[in-house]
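# A look at the structure
Each chain, written out:
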Amino acid sequence: MNNQIPLLGITGYSGSGKTTLLEKLIPELIARHIRVSVIKHSHHNMQVDKEGKDSWRMKEAGSSQVILANDERWAIMTETPKPVSLDYLAQQFDQTLTDLALVEGFKQEPIPKILLHRQEMTKPLPEIDEYVVAVATNYPLEIDRTLLDINRIPQIADFIENWLHHFHGAR
């Protein structure tokens, strides 16, 4: 990926709380002077910026830009005959407004990710691949990655802030 804005995935099964976590995390990161944008993959036909919908919620939470994507179209609304790549979507961000792009969905993409899982979910913990940098759960777990408490937003923000600092140091 040749995009200069760091991408960090927030992945997990439907119902794991990805959107809710982002909604709480964005203001926390902004309070730390990290300008956040969001790329969200949707399997549904999109209506952008209707009150209460995910794109509206991300905007209300303070995201500089929101890019919503599904296989038929992506927004900043652009009709497209075929799916576009995550790299292409990320290049649409204004680098003067964004320090970090949080990516919801796109779980197959080779980008660093925080994997979410809740104890009450019927599906087991998804496979932890080489791109998972941390796992956020509401139960104890023995893993070889950083384990975060899904309900402790400041702890997750600390992890992301550290990750972002190392990302910039590694470039």
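For the structure itself, consult the block above.
Residues numbered from 1 in each chain as written. Predicted model: local features only at pLDDT ≥ 70, side-chain atom pairs only at ≥ 80, totals over all residues. Heavy atoms only, no water.

## Notes on the pairing of strand β7 (residues 113-117)
When you tally the buried positions in β7, you get five out of five residues, the bulk of the element. The alternating pattern of β7 places K113, L115 and H117 on one face and I114 and L116 on the opposite face, and all of these are buried. In terms of strand pairing, strand β1 (residues 7-11) meets β7 through three bridges, oriented parallel. Bridge assignment links G9 to a residue of β7, and that residue is K113. In this sheet, strand β8 (residues 132-137) lies alongside β7 in parallel orientation, the contact comprising five bridges. By the bridge assignment, L115 is partnered in β8 with V135. (Buried < 20%, exposed > 50% of the residue type's maximum accessible area, 1.4 Å probe, protein only. Helix = DSSP H or I, 4+ residues; strand = E, 2+ residues; numbered from the N terminus. Pairing = 2+ DSSP bridges.)

## Things to note about the pattern of salt bridges
Throughout the structure, instances matching the rule amount to seven salt bridges. R57 is the salt-bridge partner of E23, the closest N and O atoms lying 2.6 Å from each other. Of the two residues, E23 sits in helix α1 (residues 18-31) while R57 sits in helix α2 (residues 54-61), which places them 34 residues apart along the sequence. For E23, a relative accessible area of 28% gives the class partly exposed. One salt bridge in this structure joins R32 and E28, with 3.0 Å as the shortest N-O distance. One salt-bridge network, held together by shared partners, links E28, R32, D158 and E161. (Salt bridge = Lys/Arg side-chain N within 4 Å of Asp/Glu carboxyl O.)

## Brief notes about the environment of H33
With respect to the helices and strands, H33 occurs in the loop between α1 and β2 (36-41). A relative accessible area of 71% means that H33 is categorised as exposed. Sequence separation of H33 and D99 is 66 residues, and the distance between their C-alpha atoms is 9.2 Å.

## Notes on the packing of α1 against α2
Between α1 and α2, whose axes approach to 9 Å, the crossing angle comes to 20°. On the basis of their axis angle, the class for α1 and α2 is roughly parallel. Once α1 is placed against α2, the crossing between them reads as right-handed. Where α1 approaches α2, its residues T19, T20, L22, E23, I26, P27 and I30 are matched on the opposing element by D54, R57, M58 and A61. (Axes fitted to C-alpha atoms, helices over the stretch in contact; angles between N-to-C directions. Parallel < 35°, antiparallel > 145°, perpendicular 65-115°, else oblique. Left-handed = near helix turned anticlockwise from the far one by under 90°. Contact = heavy atoms within 4.5 Å.)

By themselves, these observations are geometric and do not establish any function.
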